[in-house]
Every structure is written in C-alpha cells, then in structure tokens.
Amino acid sequence: MDQPDRRRPPVNRFVRAVLGLFAAPRVNMREDYAKVRRLQRQLASMPLPGPRVPFREATVDDGKHPIPVRVFNPVERSRDDVLLFFHGGGWVTGDIESYTPACATMAELTGCVVVSVDYCLAPEHPFPAGLDDCLHIARLLLDEPHRIGADDASRIVLVGDSAGGNLAAVVSQQLHAEGHATPGRQILLYPVTHWDHDPRTSPFASVRDHGKDYRLTTHEVQDYLEMYVPDAQARKDPRVAPLMADDFSGQPDTLLITAELDLLCDEGEAYGRALEEAGNSVTIHRVDGALHGPRFSRSLRQAYEVINAFLDADVPANSGAAP
C-alpha cells in the first residue's frame, strides 16, 4: 500500500489565509439545503469548454420508487471498465443533474462509460433510503453487466466522492456480507468513513487541523450526518460509518484518494489501512495541498493520473465472483 507520510510541516499562516478564501460559503444547511440544490443545478447548466460527452437517461424501478440513472459515453472509449458512480453532497445535496459536468469529465478523462445514480436524498429520505437505492443499482448491474456494456461484473468499478465514497464503501461491504458478486474494483474519493467530526472528541487530527477554515467544515459534516441519520446512536452503524465494521475482508481492490487539507483526510486513510490489514489490495494517494474535492486543475489532473494508472492495472482473476 502506498501510505502517505503524516510528518510534514504545518501550513503557515499566509497559506492558510489564502486557502481560506476558497472556503465554502457558510450557509445553514438545515434551512437552506433546497436553495443549495437549486444553485448547484444552475451552475451545472452553464456551458463549459471542451467536447460534449453524450449521455442517455434511464429509470430503474426497485418496487418502491423509480431510481433515475444517467449513462455517459466518452467520445472515445479506451477502456472496457464501467464506472458506477455515487455522487457526493453530504447525502443531502447533489444529483445526476448537478454532477453532470463531473461525470462528463470522468468519462472523457478515463475513456470509460460512467453510470451516475440519482439516489434518494435526506432529509426527505433519511438513512437507509439512499443506500438502498445504490445497493439496488449495484446488485442489478453486477448481475446483468451487459445492461451497460460490460463483459462481466469484474469490469464494474464502484466510484464515489465524499458522501458518495461512503456509499460506495458501504455497498461493497454489504455485497460481501450478503454473499453477492462484488465489483472488480472501487475508487473512494475523500470518503466519509467515521461518525464523529467533533474536534473535541474525534480520533483524527485532520478534523482538528482542517475542520474550520477550508472548503468543508466540521459543522457542515455534522449537519449532513444529522440530516442523513437523525438517530445519533444509529450513526455508529457500519452502514453509516464503514470504519466501524467488524469485518473488512473480501473487498474489491481499492484506490483511496485523499486531500491533504481536508478534514476527512485521516479517516479516509484509516479506512484504507483497515482494508489492507484485512488482506485486501489497497493504494492510498494523498493529493498534497488540496482541499476537499479536486477543484483546481493541478489536483484534478493529478487525481486522474492516479485513477487511470489504477484502472490500467490487471483486474484480479476472482473479482466480481460471489464468495
């Protein structure tokens, strides 16, 4: 495992002040989440330079409600992998519309088909509604990979960022626990893996070091978790906090990307170490100097270089099979 060295000089005051300029606007997410959703969709609808990645929409009915998905086809498909993507947004914001630019970029820079899932959002649909949607789509595509142009389940790669990284990790754990076929690989981008982001009680230094001045704050993460899982005790459930699992075995080969100045950095890397200690193949890559989410060209380019190298590695011979 590529394990980052935590021994590094602290961010100096000037750099901290500059990075603080990129902090997310402070909103009361409990009151303004609907406004944030609308703003995200408006920003996503703005035209961007570069090739337009074609996509098609479909709806999957799980017997309870329809689950929209959006399938992005790269202009030039260079890999057989299909990336099954769960978006971020704290389980509260984000959808296939607001994440369309990110998914189009993902398809174009990887040369892979990308399938984006529009899972149910809190607080209207609290835990486990969104997770159940992601599990349903994952089971369906792993059982019938031809639906999205994959030869077999080993070519399906779970991908998620932030809360979506949390969902991807939990989906992989749940699939293994129920004896279902698992994806060939998973890519977890700065995932939420723990339930405690209070700087007074969190076991992770990054929560205290980076949870106040940058893009994502400890208050925001706690608000998201409380909206997603209103029952405080239930937040310790491994289906919410995958780092609390008793069994980390049987997981897909994993690429875990963290951002140095993200309060989630330490818990993401702790999850990677837990997977490795259980015998899984894990690569951890920390993007130095990056905030939560690769928002700038240098960190975004670096992240995709690592992702493409991971996708180019040989798929394990037994991946995709049920235990």
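Attention in this report is confined to the structure presented alongside it. Every value quoted in this text rests on a predicted model; they were computed, and no experiment measured them. (Residues numbered from 1 in each chain as written. Predicted model: local features only at pLDDT ≥ 70, side-chain atom pairs only at ≥ 80, totals over all residues. Heavy atoms only, no water.)

## Re the overall build of the protein
Part 1 of the argument: Of the regular secondary structure elements, the protein holds nine helices and eight strands.
Part 2 of the argument: The 323 residues of the protein split such that 55% are buried.
Part 3 of the argument: For the protein, restricting intrachain contacts to residue pairs at least 6 apart in sequence, the fraction spanning at least 24 positions comes to 78%.
Part 4 of the argument: When the accessible surface of the protein is totalled, it reaches about 14,400 Å², and 52% of it is carbon and sulfur. (Helix = DSSP H or I, 4+ residues; strand = E, 2+ residues; numbered from the N terminus. Buried < 20%, exposed > 50% of the residue type's maximum accessible area, 1.4 Å probe, protein only. Contact = heavy atoms within 4.5 Å. Areas by Shrake-Rupley, 256 points an atom, 1.4 Å probe, with all protein chains shown as cover.)

## A look at empty space enclosed by the protein
Part 1 of the argument: Tallied over the entire structure, the rule returns one cavity of 30 Å³ or more.
Part 2 of the argument: A volume near 40 Å³ is recorded for the largest cavity.
Part 3 of the argument: Around the largest cavity, the lining residues are Leu83, Met106, Val159, Ile187, Leu189, Tyr304 and Ile307.
Part 4 of the argument: Residue assignment for the lining of the largest cavity shows that the elements contributing at least two residues are strand E6 (185–189) and helix H9 (297–312). (1 Å grid on protein atoms, 1.4 Å probe; cavity = no way out; pocket = protein on both sides within 12 Å on 5 of 7 lines; lining within 4 Å. Points joined across faces, edges and corners; volume = space filled by probe spheres on them.)

## Here we look at the sheet that holds strand E5 (residues 156–161)
Part 1 of the argument: Overall, mixed pairing links the eight strands, which are arranged E1-E2-E4-E3-E5-E6-E7-E8 in an open sheet. Strand pairing shows two members of the sheet lacking a second neighbour, strand E1 (55–61) and strand E8 (282–287), which therefore form its edges. With direction set aside, neighbouring strand axes in the sheet form an average angle of 20°.
Part 2 of the argument: Direction of pairing for strand E2 (residues 66–72) relative to strand E4 (residues 113–117): antiparallel, over a ladder of four bridges. Bridge assignment links Val69 to a residue of E4, and that residue is Val117. (Pairing = 2+ DSSP bridges. Axes fitted to C-alpha atoms, helices over the stretch in contact; angles between N-to-C directions.)

## Structural notes on helix H7 (residues 218–228)
Part 1 of the argument: With eight of its 11 residues buried, H7 lies for the most part within the structure.
Part 2 of the argument: All of the buried residues along H7 are Thr218, Glu220, Val221, Gln222, Tyr224, Leu225, Met227 and Tyr228.
Part 3 of the argument: Of the surrounding secondary structure, the elements contacted by the buried residues of H7 are helix H2 (29–44), helix H4 (129–143), helix H5 (163–177) and helix H6 (205–210).

## Some remarks on the packing of H4 against H5
Part 1 of the argument: Close contact between H4 and H5 brings their axes to 10 Å; oriented N to C, the two are set at 60°. Judged by the inter-axis angle, H4 sits oblique to H5. In this structure, H4 meets H5 at a crossing whose hand is right-handed. Taken together, the residues of H5 that come into contact with H4 (itself represented by Leu131, Cys134, Leu135, Ala138, Arg139 and Leu142) are Leu167, Val170, Val171, Gln174 and Leu175.
Part 2 of the argument: Looking at the contact of H4 with H5 residue by residue, the classes come out as nine nonpolar, one polar and one charged. (Parallel < 35°, antiparallel > 145°, perpendicular 65-115°, else oblique. Left-handed = near helix turned anticlockwise from the far one by under 90°. Nonpolar A, V, L, I, M, F, W, Y, C, P; charged D, E, K, R; others polar.)

## A few points about H4
Part 1 of the argument: Taking 1.5 Å per residue, 15 residues should reach 21 Å; H4 reaches 21 Å between its end C-alpha atoms and fits that length.
Part 2 of the argument: Those residues of H4 not exposed but buried are Gly130, Leu131, Asp133, Cys134, Leu135, Ile137, Ala138, Leu140, Leu141 and Leu142. (Expected span 1.5 Å × (residues − 1).)

## Digging into the pattern of salt bridges
Part 1 of the argument: In total, this model carries 15 salt bridges according to the counting rule given.
Part 2 of the argument: Between Asp223 and Arg30 there is a salt bridge whose closest N-O contact spans 3.5 Å. Separated by 193 residues along the polypeptide, Asp223 in helix H7 and Arg30 in helix H2 bring together distant segments of the chain.
Part 3 of the argument: Across the salt bridge formed by Glu144 and Arg147, the nearest N and O atoms sit 2.9 Å from each other. (Salt bridge = Lys/Arg side-chain N within 4 Å of Asp/Glu carboxyl O.)

## Remarks on the packing of aromatic side chains
Part 1 of the argument: Inspection of the entire model under this criterion finds five aromatic pairs.
Part 2 of the argument: On the numbers, 4.5 Å between centres and 0° between planes, the contact of Trp91 with Tyr228 is stacked. Residue Trp91 is located in the loop between strand E3 (82–86) and helix H3 (100–110), and its partner Tyr228 is located in helix H7; the two are separated by 137 residues in the primary sequence.
Part 3 of the argument: In this structure, Lys236 is placed above the aromatic ring of Trp195, and the distance from its NZ or CZ to the ring centre is 4.6 Å. (Phe/Tyr/Trp six-rings, centres within 6.5 Å; stacked < 30°, edge-to-face > 60°. Lys NZ or Arg CZ within 6 Å of the ring centre and 35° of its normal.)

## Regarding the environment of Arg239
Part 1 of the argument: Position of Arg239 relative to the elements: it lies in the loop between H7 and strand E7 (253–259).
Part 2 of the argument: Residue Arg239 is classed as partly exposed on the basis of its relative accessible area, which comes to 31%.
Part 3 of the argument: On a C-alpha basis, the gap between Arg239 and Leu167 in space is 8.3 Å, while along the polypeptide they are 72 residues apart.
Part 4 of the argument: With near-sequence residues (within four places) excluded, Arg239 lies in contact with Phe127, Leu131, Val170 and Gln174.

## Concerning the environment of Phe127
Part 1 of the argument: By the secondary structure assignment, Phe127 is in the loop between E4 and H4.
Part 2 of the argument: Classification of Phe127 as buried rests on a relative accessible area of 15%.
Part 3 of the argument: For the pair Phe127 and Val229, spaced 102 residues apart in sequence, the C-alpha separation works out to 5.5 Å.
Part 4 of the argument: If sequence neighbours within four positions are ignored, Phe127 has contacts with Tyr228, Val229, Asp237, Arg239 and Val240.

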